[in-house]
Structures are given as structure tokens and as C-alpha cells.
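# A look at the structure
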Amino acid sequence: ITKRFGDFTAVDDISMVIEDGKFTVLVGPSGCGKTTTLRMIMNIILADSGSIEVFGERMLGAATDRIGYLPEERGLYKNMKVRELLRFYGGIKGGRDVDAQIDHWMKRLDMQDWDNKRIKDLSKGMSQKVQFVATIASSPEMVILDEPFSGLDPVNQEAFKDAVLE
């Protein structure tokens, strides 16, 4: 796939195959096209050339319901309470046992007392944990994490890394 913004080529004729059940990491310097590639996979932006297949099918909007996506920029509704927001996001993706998943991940990430906290009152690191749980609460078949450790202190980075690899 290739993506250009005016005269600037953000993604230049890349091709990749990601095997089922495998971790794949995009590594490179800032501005090399990692986030643009992830956004193309999610159909947030369209490739100028090439095609993207996920789950063996050309990417269409409904397929993104099967993917949990943690964007670099947080997309949290500031006035919602944590559990309310997590149920909302889990429901959008058609998740099963969303409450059980929320309970599991909130315990795993030491967030049990956060249910009634408003998003606007959370630190950047706490918001990142909420965003992660929102990404996986629906038990997606595939998870895409863009800068997942952004805003986390070293202690929480380790806990988060362990949770991601679980």
C-alpha cells in the first residue's frame, strides 16, 4: 500500500503478512508512517494505491468491529464515568461478556476503585489504562495498539506490558 499527503509520501509501497496468533511490531522513527499504516488498516484513512485484507477479506467498515484499536490520541468522553465509558465502547463493538472482561482487566491493571471516576479527573497514565481496557473489553479477534505505553510511568509500563502479553 502507498499513502501520500500532497507531495509527501507517508507510506511507500509496503507489504506485510501478519500470521494469526502472532505479535507484530512496527518499529521506526517518528514520521516514518507507522500510525498512517495502522489508520489505513482501520479504514480511518484510505490508501492511495494497493489493498488491505484483514481476516482474509478486503477491509470493509464492518470488519473493524472485530478489531480492538488503541489510537495514539485518546478518544475518551471526558464527562463519562470509567465503567460507563467501558461498557459503551464494549457495546459498540458488539462484545460478549463485556462486564466480565471489564472486571478482569480492571483488576489486572489495579483499577478496581475507578468505576465512578470521571474521565476528565484521570491522569494521562490512568486515561491510557482506561483506553486499553476500552480497546479489549469486547474481546476482539485482533488488537492494534499505537503507542500503547504513552503516558505511563515505568512501573505501570511493566504492568501494562505484562497485561498486553497475557
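Here is what the cut-offs are and how they apply
- Residues numbered from 1 in each chain as written.
- Predicted model: local features only at pLDDT ≥ 70, side-chain atom pairs only at ≥ 80, totals over all residues.
- Heavy atoms only, no water.
- Helix = DSSP H or I, 4+ residues; strand = E, 2+ residues; numbered from the N terminus.
- Rg over C-alpha atoms; globule rule 2.2 N^0.38 Å.
- Buried < 20%, exposed > 50% of the residue type's maximum accessible area, 1.4 Å probe, protein only.
- Arc of directions from axis to C-beta.
- Contact = heavy atoms within 4.5 Å.
- Axes fitted to C-alpha atoms, helices over the stretch in contact; angles between N-to-C directions.
- Left-handed = near helix turned anticlockwise from the far one by under 90°.
- Phe/Tyr/Trp six-rings, centres within 6.5 Å; stacked < 30°, edge-to-face > 60°.
- Lys NZ or Arg CZ within 6 Å of the ring centre and 35° of its normal.

On to the overall build of the chain, then. Helix and strand counts for the chain come out as 5 helices and 6 strands. A compact globule built from 166 residues would reach a C-alpha radius of gyration of about 15 Å, and the chain, at 17 Å, matches this within 12%. Considered along the principal axes of its C-alpha atoms, the chain spans approximately 50 × 30 × 30 Å. Counting across all 166 residues of the chain, residues that qualify as buried make up 37%.

Taken together, the buried positions of helix α2 (residues 82-92) are occupied by V82, R83, L85, L86, Y89 and G90. Projected down its long axis, α2 shows its buried positions confined to an angular sector of 160°, all on one face. Close packing links the buried residues of α2 with α3 (98-108) and α4 (124-136).

Turning our eyes to something else, we now look at the packing of α3 against α4. Where α3 meets α4, the closest approach of the two axes is 10 Å, and the angle between their N-to-C directions is 145°. For the pair α3 and α4, the sense of crossing is right-handed. Contact residues: Q101, I102 and W105 in α3; F132, V133 and I136 in α4.

With that settled, consider the packing of aromatic side chains. Within the structure shown, the criterion is met by 4 aromatic pairs. Summarising the aromatic geometry, the rings of Y77 and Y89 are spaced 6.2 Å apart at their centres and angled 20° between planes, so their arrangement reads as stacked. Placement of Y77 in the loop between β5 (67-70) and α2 and of Y89 in helix α2 is noted, with a sequence separation of 12 residues between them. Owing to a relative accessible area of 45%, Y77 belongs among the partly exposed residues under this scheme. In this structure, K3 packs its charged tip against the face of F5, placed 5.3 Å from the ring centre. The residue whose ring lies beneath R66 is F55, and the NZ or CZ to ring-centre distance is 3.9 Å.

A few words now on helix α1 (residues 34-41). α1 sits mainly inside the fold: 7 of its 8 residues count as buried. Residues of α1 that are buried include every one of K34, T35, T36, T37, L38, M40 and I41, and no others. Where α1 is buried, its residues touch β1 (3-5), β2 (8-11), β3 (53-54), β5 and β6 (142-145). A positive phi of about 65° marks N43, the residue just after α1.

Leaving glycine aside, a negative phi is the common case for residues, and trans is the common case for peptide bonds. In the Ramachandran plot, D13 falls in the positive-phi region, its phi being about 55° despite a non-glycine side chain. Residue placement: D13 occurs in the loop between β2 and α1. A relative accessible area of 62% places D13 in the exposed class. The backbone of D110 shows a phi angle near 55°, a positive value even though the residue is not glycine. Here D110 shows up in the loop between α3 and α4. With relative accessibility at 57%, the residue D110 sits in the exposed group.

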